[in-house]
Amino acid sequence: LHYKGFRNIENLEEYTGVKAICLEGNGLPKIEGLQNMPLLRSLYIHENMIEKIEGLDTAVELDTANLSKNFITRIENLSQCTKLSTLNLAHNGLTTAETLEHILDIPSLQTLDVQSNKIDDPAVVDIFSRMPDLRVLYLMGNPVVKKIPHYRKTIVAKCQHLKYLDDRPVFDEERRRVNAWAAALETGGLEEAQEAERQELRNIRREKDEADERNFRAFEQMIRQGQAIRR
């Protein structure tokens, strides 16, 4: 039902077994008419004119919701979606931490896309840090990015389960360096934090060298054993 020019969601009462519905690229002003779809798992309703998240009271199985490129100014009315893991609200009108706070009522959420909104409140970092299973976060394109000191390190340090931030993954080595940096910053200052990060980087390099040496010795041993068997 995408890109059809619809202005309302209606006449879907008989479609009770729907698990995914595509309604993007229409002229829909609100979310409605989905109450008879209790099995709905994927909702694609981006690129419309929606101003409020509503009409999903029966969507208890919802896993993925794409509401990007609408006119939504607040995250709300999703606490009943206890299986929601991916929420895309990019290119909307979110502004403050208070307009995002409802995501704490969705503990199952793992992927959150709020890039290119109007968020300018550094308090959102505290909200992200309190999400119990946040794995992927897109925040770029918001004014707040320039207001958070040491932006990437701060977000990675605060969100311990994060695997992907904005434009690149969070690998284990980066997390180790960031955790060392953050711990030193909390007890000392920026210079101490930078030195702690450099020391952790040296530790990582040493561990790599030691692992490479062990692998080389094991390979040599395997070659010698093979030669002995052939002899």
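Given the structure is predicted, the values throughout are model-derived calculations rather than measurements.

**What about the sheet that holds strand β8 (residues 168–169)?**
Now for step 1: Ordered by their spatial adjacency, eight strands build an open sheet running β1-β2-β3-β4-β5-β6-β7-β8, and the pairing between neighbours is mixed. The outermost strands of the open sheet, each flanked by one partner alone, are β1 (20–22) and β8.
Now for step 2: In this sheet, strand β3 (residues 64–66) lies alongside strand β2 (residues 42–44) in parallel orientation, the contact comprising three bridges. Among the inter-strand pairings, Y44 is bridged to a residue of β3, identified as N66.

**Topic: a nonpolar patch on the surface**
Now for step 1: Together, F219, M222 and I223 make up an exposed nonpolar region whose accessible area comes to about 290 Å².
Now for step 2: As for its position among the elements, F219 is in helix α5 (residues 190–230).

**Observations regarding the pattern of salt bridges**
Opposite charge on two side chains lets them pair, provided their charged atoms get close.
Now for step 1: Inspection of the entire model under this criterion finds 16 salt bridges.
Now for step 2: Notably, a salt bridge pairs E174 with R152, separated by 2.7 Å at the nearest N-O pair. Of this pair, E174 sits in helix α4 (residues 172–187) while R152 sits in helix α3 (residues 151–158), and the two are 22 residues apart along the sequence.
Now for step 3: Residue E174 is classed as buried on the basis of its relative accessible area of 13%.
Now for step 4: The residue K153 makes a salt bridge to E197 at a minimum N-O spacing of 2.7 Å. Residue K153 is located in helix α3, and its partner E197 is located in helix α5; the two are separated by 44 residues in the primary sequence.
Now for step 5: With relative accessibility at 14%, the residue E197 sits in the buried group.

The rules behind each value
Residues numbered from 1 in each chain as written. Predicted model: local features only at pLDDT ≥ 70, side-chain atom pairs only at ≥ 80, totals over all residues. Heavy atoms only, no water. Pairing = 2+ DSSP bridges. Helix = DSSP H or I, 4+ residues; strand = E, 2+ residues; numbered from the N terminus. Patch = residues over 30% accessible without salt bridge, like charges linked within 9 Å, V, L, I, M, F, W, Y side chains within 5 Å. Areas by Shrake-Rupley, 256 points an atom, 1.4 Å probe, with all protein chains shown as cover. Salt bridge = Lys/Arg side-chain N within 4 Å of Asp/Glu carboxyl O. Buried < 20%, exposed > 50% of the residue type's maximum accessible area, 1.4 Å probe, protein only.

Limitation: the analysis is restricted to geometry and does not speak to function.
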